Amino acid sequence: NAGVTQTPKFQVLKTGQSMTLQCAQDMNHNSMYWYRQDPGMGLRLIYYSASEGTTDKGEVPNGYNVSRLNKREFSLRLESAAPSQTSVYFCASRQRGLETQYFGPGTRLLVL
Amino acid sequence: KNEVEQSPQNLTAQEGEFITINCSYSVGISALHWLQQHPGGGIVSLFMLSSGKKKHGRLIATINIQEKHSSLHITASHPRDSAVYICAANLLNFGNEKLTFGTGTRLTIIP
């Protein structure tokens, strides 16, 4: 039981490049989340998906798109990376009816 | 102003000391969470509570709903407790789907 997995662990991009961050969970959870974590700030919600086939914007969605491919997988895409998107990105999942979220190990992204 | 605030931002203590980290929130909540983030970056949930007190080993979490305040205590602190401790809340106006996070407290325990 791997829990929540994320790939890649670390990525360097040039401004304007695109990339997709992958997230998968094997706990059969309904809800999945993408957060970013920046120094001096709390985790901020980018997008979330309450169930397969649905996605909703969070606090900081600009510059990102998401896909809930199936119940297991929730990907985050940066179409045209900007230095302001340099951050650590966390994926999380939650079972409906329970409040606890389970986090992936994070992806460290550097945009030059 | 963040709806969930923590104090202190940084805390350094000697091994064995009793540690208290505070969290206050400004609006109604359905649940309050304490999470731990180790230097390697991984985040794990320690407690979820909506009233009273919970204990797990040397960690104790309390919440006072009327005062909109929660505390995380660590008894007999150890260097392996060094981590960032994060408070988060399910705000009533956001339902259970979203968490609002504090900025974290960096705890360093010196041997």
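Student: Run through the overall build of chain A, naming residues and quoting values.
Tutor: Within chain A, the regular secondary structure consists of zero helices and eleven strands. Ordered by position in the sequence, the α and β elements of chain A form the string β-β-β-β-β-β-β-β-β-β-β. Taken over C-alpha atoms, the radius of gyration comes to 13 Å for chain A, in line with the 13 Å a tight globule of 112 residues would show. Dimensions of chain A, computed from C-alpha atoms along their principal axes, come out at roughly 40 × 25 × 25 Å. Nonlocal contacts in chain A, meaning residues at least 24 apart in sequence, comprise 55% of its contacts between residues at least 6 apart. Put simply, chain A shows about 5200 Å² of open surface, and 49% of that area lies on carbon and sulfur atoms.

Student: Give a description of the interface of chain B and chain A that names residues and reports values.
Tutor: Residue-level contacts link 17 residues of chain B with 18 residues of chain A. Across the chain B/chain A interface, buried area totals approximately 1500 Å², and carbon plus sulfur atoms make up 58% of it. The largest per-residue losses of area from chain B upon contact with chain A belong to Ile43, Glu97 and Phe101 of chain B, which jointly make up 40% of the total buried on that side. For the pair chain B and chain A, the interface holds one residue pair in polar contact (both at pLDDT 80 or more). Residue assignment for the side of chain B that touches chain A shows that the elements contributing at least two residues are strand S4 (29-37), strand S5 (43-49) and strand S9 (83-91) of chain B. Take the side of chain B that touches chain A: its biggest share by element is four residues, from S4 of chain B. Across the side of chain B that touches chain A, the residue classes tally to seven nonpolar, eight polar and two charged.

Student: Before we move on, could you go through the pattern of salt bridges and cite the residues and values that matter?
Tutor: Taken as a whole and assessed by the stated rule, the structure comprises four salt bridges over all chains. With a shortest N-O distance of 2.9 Å, Asp38 of chain A and Arg36 of chain A are connected by a salt bridge. Close ionic contact of Arg58 of chain B with Asp81 of chain B constitutes a salt bridge, the shortest N to O distance being 2.8 Å. Here Arg58 of chain B is found in the loop between strand S6 (52-56) and strand S7 (59-64), whereas its partner Asp81 of chain B is found in the loop between strand S8 (69-74) and S9, with 23 residues between them in sequence. For Arg58 of chain B, a relative accessible area of 23% gives the class partly exposed. Through salt bridges with shared partners, a single ionic network connects Arg36, Asp38 and Arg44 of chain A.

Student: Give a detailed account of the state of the cysteines, specifying residues and quantitative values.
Tutor: Residue and element names in this part refer to chain A. The tally for this structure, following the rule as stated, stands at two disulfides over all chains. Disulfide pairing is shown between Cys23 and Cys91; the S-S distance is 1.8 Å. Residues Cys23 and Cys91 are joined by a disulfide whose S-S torsion is about -70°; by sign, that bridge is left-handed. With Cys23 in strand S3 (residues 19-25) and Cys91 in strand S9 (residues 87-94), the pair connects residues that are 68 residues apart, well separated along the chain. You'll find Cys23 and Cys91 in the same group, each marked buried.

Student: Pulling in residues and values, what's your account of the environment of Leu109 of chain A?
Tutor: By secondary structure assignment, the location of Leu109 of chain A is in strand S11 (residues 107-111). Expressed as a C-alpha distance, the spacing of Leu109 of chain A and Gln11 of chain A, which sit 98 residues apart in the sequence, is 5.0 Å.

Student: Before we move on, could you go through the sheet that holds strand S3 (residues 19-25) of chain B and cite the residues and values that matter?
Tutor: Residue and element names in this part refer to chain B. Spatially, the five strands line up as an open sheet ordered S1-S3-S8-S7-S6, and their pairing is antiparallel. One side of each edge strand has no neighbouring strand; the edge strands of this open sheet are strand S1 (4-7) and S6. Each adjacent strand pair in this sheet contributes to an overall mean axis angle of 15°, direction not counted. Alignment of S3 against S8, held across six bridges, turns out to be antiparallel. Considered in S8, the bridge of Cys23 is made with Ser70.

Student: With reference to specific residues and values, describe the side chain of Thr100 of chain B.
Tutor: Residues and elements named next belong to chain B. Its location among the elements puts Thr100 in strand S10 (residues 100-101). The exposure class of Thr100 is buried, given its relative accessible area of 12%. Contact partners of Thr100, with chain neighbours within four places excluded, come to Asn2, Glu3, Val4, Cys87, Ala88, Ala89, Leu91 and Phe94.

Cut-off values and rules
- Residues numbered from 1 in each chain as written.
- Chains lettered and ligands numbered in written order.
- Predicted model: local features only at pLDDT ≥ 70, side-chain atom pairs only at ≥ 80, totals over all residues.
- Heavy atoms only, no water.
- Helix = DSSP H or I, 4+ residues; strand = E, 2+ residues; numbered from the N terminus.
- Rg over C-alpha atoms; globule rule 2.2 N^0.38 Å.
- Contact = heavy atoms within 4.5 Å.
- Areas by Shrake-Rupley, 256 points an atom, 1.4 Å probe, with all protein chains shown as cover.
- Buried area = accessible area lost by both parts, 1.4 Å probe.
- Polar contact = N/O pair within 3.5 Å; in protein donor to acceptor, adjacent residues only side chain to side chain.
- Nonpolar A, V, L, I, M, F, W, Y, C, P; charged D, E, K, R; others polar.
- Salt bridge = Lys/Arg side-chain N within 4 Å of Asp/Glu carboxyl O.
- Buried < 20%, exposed > 50% of the residue type's maximum accessible area, 1.4 Å probe, protein only.
- Disulfide = S-S within 2.5 Å.
- Pairing = 2+ DSSP bridges.
- Axes fitted to C-alpha atoms, helices over the stretch in contact; angles between N-to-C directions.

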